[in-house]
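An overview of the molecular structure
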Amino acid sequence: MSYDNVQVFVYESPDGLNMEDAEMKKNHGNYTMINVNRICPDLHLLDITSDPNPSNVYSTAAMIDGSRFQYNVLQKSTVTLYFWLQFTDFNDYAQKKSDIQDYFSQHAAYYLSTSVHPGRTAKCHLDSISIPKPDFGVHDVQFQVKFDNDLGQWSTSPTSYIESHWSEKNWAYDLELPTKFSRNNKPTWQLHAGSNHVYI
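Residues numbered from 1 in each chain as written. Predicted model: local features only at pLDDT ≥ 70, side-chain atom pairs only at ≥ 80, totals over all residues. Heavy atoms only, no water.

1. Here's the deal with the overall build of the protein
Scanning the protein from terminus to terminus reveals four helices and ten strands. Partitioning the intrachain contacts of the protein with sequence separation of at least 6 by distance along the chain shows that 66% fall at a separation of at least 24. About 12600 Å² of surface is accessible on the protein, with carbon and sulfur atoms providing 48% of the total. (Helix = DSSP H or I, 4+ residues; strand = E, 2+ residues; numbered from the N terminus. Contact = heavy atoms within 4.5 Å. Areas by Shrake-Rupley, 256 points an atom, 1.4 Å probe, with all protein chains shown as cover.)

2. Considerations on the side chain of T114
With respect to the helices, strands and loops of the structure, T114 is situated in strand β7 (residues 110-114). From its side chain, T114 meets the backbone nitrogen of H117 in a polar contact 3.1 Å long. Those residues in contact with T114 that sit more than four places away from it in its chain are V6, Q7, V8, F9, I48 and W154. (Polar contact = N/O pair within 3.5 Å; in protein donor to acceptor, adjacent residues only side chain to side chain.)

3. Quick notes on the nonpolar core
Where a protein is soluble and globular, its nonpolar side chains tend to be buried together. Core analysis: the biggest nonpolar cluster contains 29 residues, and L81, I100, F104 and F147 have the highest contact counts within it. Elements represented by at least two residues in this core include exactly β1 (8-12), β3 (43-50), β6 (77-86), α2 (90-104), β7, β8 (120-130) and β9 (140-149). The contacts of F147, once residues within four sequence positions are left out, are S77, T78, V79, L81, F104, Y110, L112, C124, H125, L126 and D127. (Core = buried A, V, L, I, M, F, W, Y, C linked by side-chain atoms within 4.5 Å. Buried < 20%, exposed > 50% of the residue type's maximum accessible area, 1.4 Å probe, protein only.)

4. Some words on the pattern of salt bridges
A complete count under the given rule lists three salt bridges for this structure. Measuring nitrogen to oxygen at the nearest pair gives 2.6 Å for the salt bridge that ties D42 to K96. One end of the pair, D42, is in the loop between β2 (34-35) and β3; the other, K96, is in helix α2, with 54 residues separating them in the sequence. For D42, a relative accessible area of 37% puts it in the partly exposed group. When its relative accessible area of 6% is taken as the criterion, K96 is described as buried. Among the salt bridges present, the one from D92 reaches K96, with a minimum N-O distance of 3.0 Å. (Salt bridge = Lys/Arg side-chain N within 4 Å of Asp/Glu carboxyl O.)

5. Considering a nonpolar patch on the surface
There is a patch of nonpolar side chains on the surface, built from Y58, F69, Y71 and V73 and spanning about 420 Å² of accessible area. A total of three residues in the nonpolar patch trace back to one element, the largest contributor, which is strand β5 (residues 68-74). Looking at where Y71 falls in the secondary structure, it is placed in strand β5. (Patch = residues over 30% accessible without salt bridge, like charges linked within 9 Å, V, L, I, M, F, W, Y side chains within 5 Å.)

6. Description of the packing of aromatic side chains
Scanning all chains against the criterion turns up ten aromatic pairs. By the ring-pair criterion, three or more aromatic residues cluster together here, those being F83, Y103, F104, Y110, F143 and F147. (Phe/Tyr/Trp six-rings, centres within 6.5 Å; stacked < 30°, edge-to-face > 60°.)

7. A short note on α2
With 15 residues, α2 should reach 21 Å at 1.5 Å per residue; the first-to-last C-alpha distance of 21 Å fits that figure. What α2 keeps buried is the set D92, Y93, K96, I100, Y103 and F104. Angularly, the buried residues of α2 cover 105° about the axis, an arc narrow enough to put them on a single face. Where α2 begins, the capping side chain belongs to D89, and its oxygen is found 3.3 Å from the backbone nitrogen of N91. (Expected span 1.5 Å × (residues − 1). Arc of directions from axis to C-beta.)

8. Here we look at the environment of L175
Following the sequence through the fold, L175 ends up in helix α4 (residues 171-175). As for L175 and S157, which are separated by 18 residues in sequence, their C-alpha atoms are 9.7 Å apart.

9. Regarding unusual backbone geometry
A positive phi angle, near 65°, is found at D42, a position not held by glycine. With phi around 65°, M63 is a residue other than glycine that occupies positive phi space. Note on placement: M63 falls in the loop between β4 (54-59) and β5. A relative accessible area of 86% places M63 in the exposed class.

10. Some points on the pairing of β7
Along β7, five of the five residues are buried, which leaves the element largely enclosed by surrounding structure. Side chains of β7 alternate between two faces, with Y110, L112 and T114 and Y111 and S113 buried alike. Looking at chain direction, β1 and β7 are connected through five bridges and run antiparallel. Residue pairing in the sheet places F9 in a bridge with S113 of β7. Where β7 and β8 come together, three bridges link them in antiparallel fashion. Pairing of Y111 across the sheet is with K123, part of β8. Turn length for the β7-β8 hairpin, with the two strands adjacent in sequence and antiparallel, is five residues. (Pairing = 2+ DSSP bridges.)

The following block contains the structure:
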């Protein structure tokens, strides 16, 4: 799958590691996510990878062949951002490297979303970032930023936020709602006696 046209947006939580999901959701409409390419000049996102990390638990019994499936859980997973950085000379490289590492190395939770699924976010914490030293005469480097996705999956925005911002994004696609819903025909999560529908 090509990510040539995919953009990634990030929000750095000012409340750091102590920020709870409930607090983030309560203030969901009060922060702005920025494009990762704007962290410093001449920084270009090349790709993003993210895969679930399920863990299956089985039980066994004496003298019985095989195992019996009990349950599975999603462990924390890895989200990797691949970047290409350009610079004019070594001093420019050193300054841009410092800006990038300073941004991503905070004691903070980072909320990521993509232009493909803008209604889904991943709450992450930095796992590693290493920007290699360029060879002599070279004016660009490629590097990776790896995050731990705490939940192990991408989650949607709070329903109250989705309702109030329905026309801004293709929420129906992100929420996998029936095709009858569009930007002009939004669902409601308010409870009305005798007329409630739940879509999974």
